[in-house]
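The residues making up each chain are set out below.
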Amino acid sequence: MSGKPLISIISAGMSKFGKRDGLFGRELFVEAATEAYERCPNLDPKRDIKALFVGMMGESYEHQGHTGPTIADWIGITPVQAFRTEGACGSSATAIRCGIFAVLSGLADIVMVGGVEKMTHRATADVTEYLAMASDFFFEQWNGLTFPGLFAMVATAHMHKYGTKEEQMAMVAVKNHHHGALNPKAHMQKEITMEQALSSRVVAWPLKLYDCSLITDGASCLILAKPELAKKYTDTPVHIIGSGQASDTIGLFERDQFTSLNAGKAAAQEAYKMAGIDPSEVDVAEVHDCFTIAEIVAYEDLGFCKPGEGGRFIEEGQSQIGGKVAVCTSGGLKSKGHPVGATGTAQAYEIYLQLTEQAERRQVKGAEIGLTHNIGGLGGTGVVNIFRRG
Amino acid sequence: MTEETVAFTIENFYKFVKEGKIMGAQCNKCGHVTVPPRPVCPKCLSKHLTWKENPKQGKLLTYTIIHVCPEQFQPLAPYAVGVVELENGAHLPGMIKGIPHEKIKIGMRLTIDFEEAKSEGWPQWPRCYFKP
Ligand SMILES: [Zn+2]
């Protein structure tokens, strides 16, 4: 059965995700942080928060660096020690990891971890260029590879080795849009059909527009505390009981195989071992569906099904609400949106809602164990956290 | 370039590409060949390395057809890019040219060729690509 708490979530917040015209990253983070403050009236943020870790991918979007102190100031907790963590699309999952290190070191009892990215004010071509910085420039980008192109090569390899179909990838998009339509904070709260997904324009074959996640503005955060302190602040904490992180080559071409992401798999193994649970015990999971193929690979890397069976897993409805494990109930990166730096803690925010019965129309009944799987770039970074209802 | 005195760097990898060679760093201690080269063997951490020329034939491991691309590649779109395993096991990414896209198949044999890249500012590396 489930392991003992490593650290406890005593509160969480998330801005509305979407095209948030007129708001910049720091202002979006205020939305997330004040929600977390309001959920936890026993907390005095100025007195109690001893460190801030903020995940953000790039300075290019807002022409603004030095994110840690900027956010600390905007959310009213200066002169707290403030850090920025960067792991591409996995930036804020690495912030969670840093928060765990900080609290377990004994140097801080309570910390805030979060993430932010403001993207939609820039031209799509610029955003595409900034996102590509998470992949290898010297050999892959130089030879014309784009970020969708790299995941497309994972898809081609998966289709060739296992017979995975474009239709099965489209099913991931349809499912996540269905879940997103139930989430009032999602970017695109809209159902899509198989026909729409399959007939959308090709971005990098075999990936089409509806196989790709959204360019989104947003921020999210968690307040983490030493487990012994959790009940002082809330009656409904959520505990992290397992956590793992690993790295891999930044270049896809340098790997032995292209059908799974080594860092995500290694992070999962570490997290399951620490939590003392089996993949079959997970009730609800937010996985890194930056592209539909990435969700299929995640089913396999997380042990929800055997390698090669991810396509069948979605086809059989095992990953929808009511299936074996409800995956991306928030709508995922695909429909909730993917403000890259905010994604890791936004995944944890959804699990926090699910395990405290606050997920409303998309609530997974009686969910006890949750999991987040956040990938940076093409799997150069992989972070998995496992959560238990407090 | 005389190989004995050349540092194991990315810049020098591309200087060799300009000469029509795919060069890697072979570890004197464990024998592992790193392509493109690095200053230290990632397998055993040895810095005792020797330049080693790689074969120009290999097989296609995976590929994609890119339609949406950065401005500099726009005139080529849609274009094919893949990862090829050379005959000695080393992997290289590159565009696939001289074959209709629908004829590209994983496992097919491809050969490396070279071309100058016309670019302004940094970087000004040449490119290698694959053809049947
Ligand atoms: Zn060696």
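Per-chain numbering applies: the sequence of each chain, read as written, is numbered from 1 onward. Think of it this way: whatever chain is written first is A, whatever ligand is written first is 1, and the rest follow in order. For a predicted model such as this one, the threshold for reporting local features is a pLDDT of at least 70, and the threshold for listing and counting side-chain atom pairs is 80 or more; totals across whole chains, interfaces and linings nevertheless cover every residue. Hydrogen atoms and water are omitted, and side-chain values are computed over all heavy atoms in the structure.

**Some thoughts on the layout of surface pockets**
Next, step 1: The way it works is a 1 Å grid over only the protein atoms, where trapped points that fit a 1.4 Å probe form a cavity and open points with protein on both sides within 12 Å along at least five of seven lines form a pocket, and then any residue with an atom within 4 Å of a point lines it. Grid points are joined across faces, edges and corners, and a volume is the space filled by probe spheres set on the points. By volume, the largest pocket amounts to about 1,400 Å³.
Next, step 2: If you trace the largest pocket, you find 46 residues lining it, with T124, A125, V127, T128 and E129 of chain A closest to the centre.
Next, step 3: Runs of H or I in DSSP of at least four residues are treated as helices and runs of E of at least two as strands, each being numbered from the N terminus. If you list the elements that add at least two residues to the lining of the largest pocket, you get helix 5 (124-132) and helix 6 (147-162) of chain A.
Next, step 4: In terms of residues, the lining of the largest pocket owes the most to one element, helix 5 of chain A, which gives eight residues.
Next, step 5: When residue character is reported, Ala, Val, Leu, Ile, Met, Phe, Trp, Tyr, Cys and Pro are called nonpolar, Asp, Glu, Lys and Arg charged, and the others, Gly included, polar. A per-class count over the lining of the largest pocket returns 28 nonpolar, 11 polar and seven charged.
Next, step 6: The computed volume of the second largest pocket comes to approximately 480 Å³.
Next, step 7: Lining the second largest pocket are 16 residues; nearest its centre among them are E254 and D256 of chain A together with H32, V33 and K43 of chain B.
Next, step 8: Along the lines of polarity and charge, the residues of the lining of the second largest pocket split into five nonpolar, six polar and five charged.

**Examining the domain arrangement of chain A**
When the parts of a complex come together, some accessible area is lost, and that lost area is often taken as the interface size.
Residues and elements named next belong to chain A.
Next, step 1: Each domain's extent is set by a domain assignment, obtained either automatically or from a database. According to the domain assignment, chain A contains domain 1 (7-122 + 216-238) and domain 2 (144-213 + 239-389).
Next, step 2: A straight line from the C-alpha centre of domain 1 to that of domain 2 covers 23 Å.
Next, step 3: In this analysis, two residues are considered to be in contact whenever any of their non-hydrogen atoms come within 4.5 Å of each other. Contact residues are listed per partner, giving 46 residues for domain 1 and 40 residues for domain 2.
Next, step 4: Salt bridge, as used here: a side-chain nitrogen of Lys or Arg that lies within 4 Å of a carboxyl oxygen of Asp or Glu. Across the domain 1-domain 2 interface, the total number found is one salt bridge.
Next, step 5: A salt bridge links E35 to K185; its shortest N-O distance comes to 2.5 Å.
Next, step 6: For the purposes of these results, a polar contact is taken to be a pair of N or O atoms within 3.5 Å, where, inside protein, one atom must be able to donate a hydrogen and its partner to accept one; residues adjacent in sequence count only when each atom of the pair is a side-chain atom. Applying the counting criterion to the domain 1 and domain 2 interface returns 22 residue pairs in polar contact (both at pLDDT 80 or more).
Next, step 7: Counting residues per element, the ones that place at least two in the side of domain 1 that touches domain 2 are strand 1 (7-14), helix 1 (25-39), helix 4 (91-105), strand 4 (110-117) and strand 7 (218-225).
Next, step 8: No other element matches the eight residues that strand 1 contributes to the side of domain 1 that touches domain 2.

**Notes on empty space enclosed by the protein**
To locate leftover empty space, one rolls a probe as large as a water molecule over the atoms.
Residue and element names in this part refer to chain A.
Next, step 1: In this structure the tally under the stated criterion is two cavities of 30 Å³ or more.
Next, step 2: Here the largest cavity is characterised by a volume of approximately 90 Å³.
Next, step 3: Taken together, G25, R26, M56, E62, Q64, G65, T67, T70, I71 and V116 make up the full set of residues lining the largest cavity.
Next, step 4: Those elements that provide at least two residues to the lining of the largest cavity are helix 1 and helix 3 (67-74).

**A few points about the sheet that holds strand 2 (residues 33-34) of chain B**
The strands making up a sheet associate through hydrogen bonds between their backbones, and the pairing can be parallel or antiparallel.
Residue and element names in this part refer to chain B.
Next, step 1: Taking strand neighbours across the sheet as the criterion, the three strands line up as 2-1-3 in an open arrangement whose pairing is antiparallel. The sheet terminates laterally at strand 2 and strand 3 (49-53), the two strands that pair on one side only.
Next, step 2: Pairing of strand 1 (residues 23-27) with strand 3 involves five bridges; the strand directions are antiparallel. Counted as the bridge partner of Q26 is T50 from strand 3. Any two strands between which DSSP finds at least two bridges are classified as paired.

**Some remarks on the coordination of the zinc ion**
Ideal coordination angles are 109.5 degrees for a metal with four donors arranged tetrahedrally and 90 or 180 degrees for a metal with six donors arranged octahedrally.
All names here are of chain B.
Next, step 1: Every protein donor of the zinc ion is listed here as C27 (SG), C30 (SG), C41 (SG) and C44 (SG), and their distances to the metal cover 2.3 to 2.4 Å.
Next, step 2: For Na, K and Ca the donor cut-off is 3.2 Å, while for other metals it is 2.8 Å, and in both cases only N, O and S atoms qualify; water is not among them, so sites may look incomplete. Any site counts as irregular unless it has four donors with all angles between 85 and 135 degrees, making it tetrahedral, or four or six donors with opposite ones more than 155 degrees apart and the rest between 65 and 115, making it square planar or octahedral. Viewed at the metal, the four donor atoms of the zinc ion are separated by angles of 98 to 116°, and the geometry they form is tetrahedral.
Next, step 3: Along the chain, the residues donating to the zinc ion are arranged with the sequence spacing C-x2-C-x10-C-x2-C. Here C27 is found in strand 1, whereas its partner C41 is found in the loop between strand 2 and strand 3, with 14 residues between them in sequence.

**Examining unusual backbone geometry**
Next, step 1: Here T78 of chain A and P79 of chain A are connected by a cis peptide whose omega angle stands at 10°.
Next, step 2: Secondary-structure assignment places P79 of chain A in the loop between helix 3 and strand 3 (81-85).
Next, step 3: Note that the residue after W122 of chain B, namely P123 of chain B, is joined by a cis bond; omega there is -10°.
Next, step 4: Note that P123 of chain B resides in the loop between strand 7 (109-115) and strand 8 (127-131).
Next, step 5: Phi is positive for A88 of chain A, which is not a glycine, with a value near 50°.

**Let's talk about the domain arrangement of chain B**
All names here are of chain B.
Next, step 1: Domains assigned within chain B are domain 1 (10-53) and domain 2 (57-131).
Next, step 2: For domain 1 versus domain 2, the separation of C-alpha centres amounts to 21 Å.
Next, step 3: Overall, the association of domain 1 and domain 2 removes approximately 960 Å² of surface from exposure, summing both partners, and the carbon and sulfur fraction of that is 73%.
Next, step 4: Computed with a 1.4 Å rolling probe, the buried area is the accessible surface lost when two parts are put together, summed over both parts. It is Y14, K18 and I22 that lose the most area in domain 1 upon contact with domain 2, and together they represent 48% of the buried surface on that side.
Next, step 5: At the boundary of domain 1 and domain 2, one finds zero salt bridges.
Next, step 6: Residues belonging to the side of domain 1 that touches domain 2 are distributed by class as follows: five nonpolar, one polar and three charged.

**Notes on the packing of helix 7 (residues 166-180) of chain A against helix 11 (residues 292-301) of chain A**
Residue and element names in this part refer to chain A.
Next, step 1: To obtain each axis, a line is fitted to C-alpha atoms, and for helices this fit is confined to the stretch in contact; angles are then taken between N-to-C directions over 0 to 180 degrees. Relative orientation of the contacting elements helix 7 and helix 11 amounts to 95°, with a least axis distance of 8 Å. One element, helix 7, and the other, helix 11, form an angle in the roughly perpendicular class. On helix 11, the residues that touch Q168, M169, V172, A173, K175 and N176 of helix 7 are T292, I293, E295, I296 and Y299.
Next, step 2: Residue composition of the contact of helix 7 with helix 11, by class: six nonpolar, three polar and two charged. Angle categories are assigned with fixed cut-offs, so that under 35 degrees is roughly parallel, over 145 is roughly antiparallel, 65 to 115 is roughly perpendicular, and the rest are oblique.

**Overview of the side chain of T259 of chain A**
Next, step 1: One can find T259 of chain A in the loop between strand 8 (238-247) and helix 10 (262-275).
Next, step 2: Aside from chain neighbours lying at most four places away, what touches T259 of chain A is A157, H158, K161, Y162, V297 and E300 of chain A.

**Re the side chain of D289 of chain A**
Residue and element names in this part refer to chain A.
Next, step 1: Take D289: it is sitting in the loop between strand 9 (284-286) and helix 11.
Next, step 2: Of the side chains bearing the opposite charge, K175 lies closest to the buried D289, which forms no salt bridge; the N-O distance is 6.6 Å.
Next, step 3: A polar contact is formed between the side chain of D289 and the backbone nitrogen of K334, at a distance of 3.2 Å.
Next, step 4: Non-local contacts of D289, meaning those with residues more than four positions away in its chain, are made with N176, S213, E295, C328, G331, G332, L333 and K334. When accessible area is computed with a 1.4 Å probe and restricted to protein chains, residues below 20% of their type maximum are described as buried, those above 50% as exposed, and intermediate ones as partly exposed. We score Asp and Glu as negative and Lys and Arg as positive, and we do not count His or the chain ends.

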